[in-house]
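Summary of the model geometry
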Amino acid sequence: MGVSGSGKSTIGAKLAAALSLDFLDGDDFHPPENIAKMAAGIPLDDADRMGWLKKLNSKAIELKNTGAVFACSSLKESYRQMLCNDVNVNFVYLKGTYQEVFDRLSLRKDHFMPPALLKSQFDALEEPKNAITVSLLESPENIIIQIMQKINKKSFGLVGLGVMGKSLARNLARNNFSLSLYN
């Protein structure tokens with residue numbers, strides 16, 4: 001997750017390869033109206049993003065047994081909650097300053113999102129509290145190493161799924177732990 005130009009597609013594809021999972025780019029799920037609006041320099045609003053987020057969540061639910069890596073801006077907490085509906089999601093936040101991202105966007109060719117819309121993304125951004133946060137200034141290889149180290153530390157084994165075990169398991173799942181359960 002992150003603003004446009006933060007490296008979501010590049011890092012997402014590399015992370016998917018490292019995890020042997022499918023990669024899906026959120027940009028591919030935008031309806032033509034959203035793409036046209038952004039290409040015209042008009043920022044998307046919450047209403048524009050709702051159908052797009054629902055499509056992404058439906059695809060995540062479809063792939064929840066196999067897993068996948070998605071590139072999606074996920075700018076607001078409410079968007080992230082919608083994306084997590086009925087599926088366990090680990091967010092990776094590619095963090096950078098406005099100027100760092102603007103410089104990258106200015107070099108990007110053949111993308112519908114113009115650099116002029118970057119401010120609207122930063123204005124909408126609510127930095128996540130429960131995400132793996134990495135600097136977008138690192139090399140892609142170092143970013144993948146950092147993500148893999150953090151992903152591998154959030155696992156938990158639980159034996160006994162009575163009232164207490166079941167509640168503990170649900171709490172851990174809501175907080176992005178990978179669980180191994182035995183009853």
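The shown structure was predicted, so the numbers you read here are calculated from the model rather than taken from an experiment.

1. Let's talk about the packing of aromatic side chains
- Applying the stated criterion across every chain, the model contains two aromatic pairs.
- Ring geometry for Tyr98 versus Phe102: centroids 5.9 Å apart, planes at 20°, classification stacked. Of this pair, Tyr98 and Phe102 both sit in helix H5 (residues 98-107), four residues apart, roughly one helical turn.
- When its relative accessible area of 34% is taken as the criterion, Tyr98 is described as partly exposed.
- Aromatic pair Tyr98 and Phe122: ring centres 5.8 Å apart, planes at 65°, arrangement edge-to-face. A residue pair is termed long-range when its members are at least 10 positions apart, and Tyr98 in helix H5 and Phe122 in helix H6 (residues 118-124) qualify at 24 residues.
- Exposure remark for Phe122: the relative accessible area of 21% places this residue in the partly exposed category.
- By way of ring pairs, the aromatic residues Tyr98, Phe102 and Phe122 are connected into one cluster.

2. What about the state of the cysteines?
- Enumeration over the complete set of coordinates arrives at zero disulfides.
- No disulfide involves Cys72; its sulfur sits 11 Å from the nearest other cysteine sulfur, which is in Cys84.
- On the accessibility criterion, Cys72 (6% relative accessible area) is buried.

3. Examining the environment of Asp86
- Within the element layout of this structure, Asp86 appears in the loop between helix H4 (77-83) and strand S3 (92-95).
- Looking at Asp86, the relative accessible area reads 53%, which means it is exposed.
- Residues Asp86 and Ala60, 26 residues apart in the sequence, show an inter-C-alpha distance of 8.9 Å.
- Setting aside residues no more than four positions away along its own chain, Asp86 makes contact with Ile61 and Lys64.

Cut-offs used in this document
Residues numbered from 1 in each chain as written. Predicted model: local features only at pLDDT ≥ 70, side-chain atom pairs only at ≥ 80, totals over all residues. Heavy atoms only, no water. Phe/Tyr/Trp six-rings, centres within 6.5 Å; stacked < 30°, edge-to-face > 60°. Helix = DSSP H or I, 4+ residues; strand = E, 2+ residues; numbered from the N terminus. Buried < 20%, exposed > 50% of the residue type's maximum accessible area, 1.4 Å probe, protein only. Disulfide = S-S within 2.5 Å. Contact = heavy atoms within 4.5 Å.

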